[in-house]
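# Descriptive analysis of the structure
Residues per chain are reported as follows:
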Amino acid sequence: PSGALPVKSGKIASAAFAFSSGALTLTEAGPKKRASLHVVAGRAAVDALDPGGIDPLAATPAAFRVALSAENHTLKRALTDPRFLSGIGNAYSDEVLHVAKLSPFAIAAKLGDTEVERLYTALRGTLASAVAAASGKPAKELKDAKRAGMRVHGRTGETCPECGDVVREVSFAD
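Below is a short write-up of the structure.

Analysis parameters
- Residues numbered from 1 in each chain as written.
- Predicted model: local features only at pLDDT ≥ 70, side-chain atom pairs only at ≥ 80, totals over all residues.
- Heavy atoms only, no water.
- Helix = DSSP H or I, 4+ residues; strand = E, 2+ residues; numbered from the N terminus.
- Buried < 20%, exposed > 50% of the residue type's maximum accessible area, 1.4 Å probe, protein only.
- Lys, Arg positive; Asp, Glu negative; His and termini not counted.
- Charge placed at Lys NZ, Arg CZ, Asp CG, Glu CD.
- Phe/Tyr/Trp six-rings, centres within 6.5 Å; stacked < 30°, edge-to-face > 60°.
- 1 Å grid on protein atoms, 1.4 Å probe; cavity = no way out; pocket = protein on both sides within 12 Å on 5 of 7 lines; lining within 4 Å.
- Points joined across faces, edges and corners; volume = space filled by probe spheres on them.
- Nonpolar A, V, L, I, M, F, W, Y, C, P; charged D, E, K, R; others polar.
- Contact = heavy atoms within 4.5 Å.
- Salt bridge = Lys/Arg side-chain N within 4 Å of Asp/Glu carboxyl O.

With that out of the way, let us pick up the overall build of the chain. Helix and strand counts for the chain stand at 6 helices and 2 strands. Ordered by position from N to C terminus, the α and β elements of the chain give β-β-α-α-α-α-α-α. Every one of the 174 residues in the chain was classed for burial, and the buried ones make up 22%. On the chain, the mean spot of the 22 positive side-chain charges and the mean spot of the 18 negative ones are 4 Å from each other.

Let us now look at the packing of aromatic side chains. Counting across every chain of the model gives 1 aromatic pair. Both rings, one in F64 and one in Y120, keep their centres 5.4 Å apart while their planes meet at 55 degrees; by these two values the pair is tilted. Of the two residues, F64 sits in helix α2 (residues 61-68) while Y120 sits in helix α5 (residues 113-134), which places them 56 residues apart along the sequence. The class for F64 is buried, based on a relative accessible area of 0%. For Y120, a relative accessible area of 13% translates into the label buried.

In this structure, the largest pocket occupies an estimated 1,600 Å³ of space. Forming the walls of the largest pocket are 35 residues, and the residues nearest its centre are K76, N90, D94, H153 and V170. When residues of the lining of the largest pocket are traced back to their parent elements, those giving at least two are α3 (75-80) and α4 (90-100). Sort the elements by how many residues they give to the lining of the largest pocket and α4 lands first, with 4 residues. The class makeup of the residues in the lining of the largest pocket is 14 nonpolar, 8 polar and 13 charged.

For the rest of this paragraph, the subject is α4. Of all 11 residues in α4, 8 are buried; the element is thus mostly enclosed. Within α4, the full set of buried residues consists of A91, Y92, S93, E95, V96, L97, H98 and A100. Each element contacted by the buried residues of α4 is listed here: α3, α5 and α6 (139-149). Downstream of α4 by one or two residues, K101 has phi in the positive range, about 60 degrees.

As enumerated under the stated definition, the model contains 8 salt bridges in all. Here R43 ties to D47 by a salt bridge, and the two come within 3.1 Å at their closest N and O atoms. Taken together, the residues R43 and D47, both in helix α1 (residues 43-48) and 4 residues apart, mark about one turn of the helix. Judged by relative accessible area, which is 61%, R43 ranks as exposed. For the salt bridge of D81 with R83, the shortest nitrogen-to-oxygen distance reads 2.7 Å. The class for D81 is buried, based on a relative accessible area of 9%. The exposure class of R83 is partly exposed, given its relative accessible area of 39%. One network of salt bridges, with partners in common, ties together E71, D81 and R83.

Structure below.
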């Protein structure tokens, strides 16, 4: 493709690609700079990059419990680790835990049956709603659609839609 790439300036742009239908900019806002881009050939090479987490929308309750308690981690870490569950990032883990009314600091392997069931239901409902909200939208509208559907993630200081209290944020360094 010819012409200048429409790349946003600043430190977060890592790479930019121009196509006849538009442009793609790889960005990473976090300080750790863990993003990576792999160029591979063939299905086997793509499959080799898969960290192995199960699909949370296809998982049975039993498979979900096994994945959740695979290692002794907090719920937040267990939900966001792609070796256990595929496709759940920071934002949706916050939403799922809020809906399930569970602490991100609870130890996943120590949850009782009722808590696991509540988490499983919240996870599937939250992700199904997100998929439905995103379906059919052009790529440039997806980020705004995602933000609009968030109850607590990115809403620190706002009123909680469930209890009316203030949404608070807890951050850890590593």
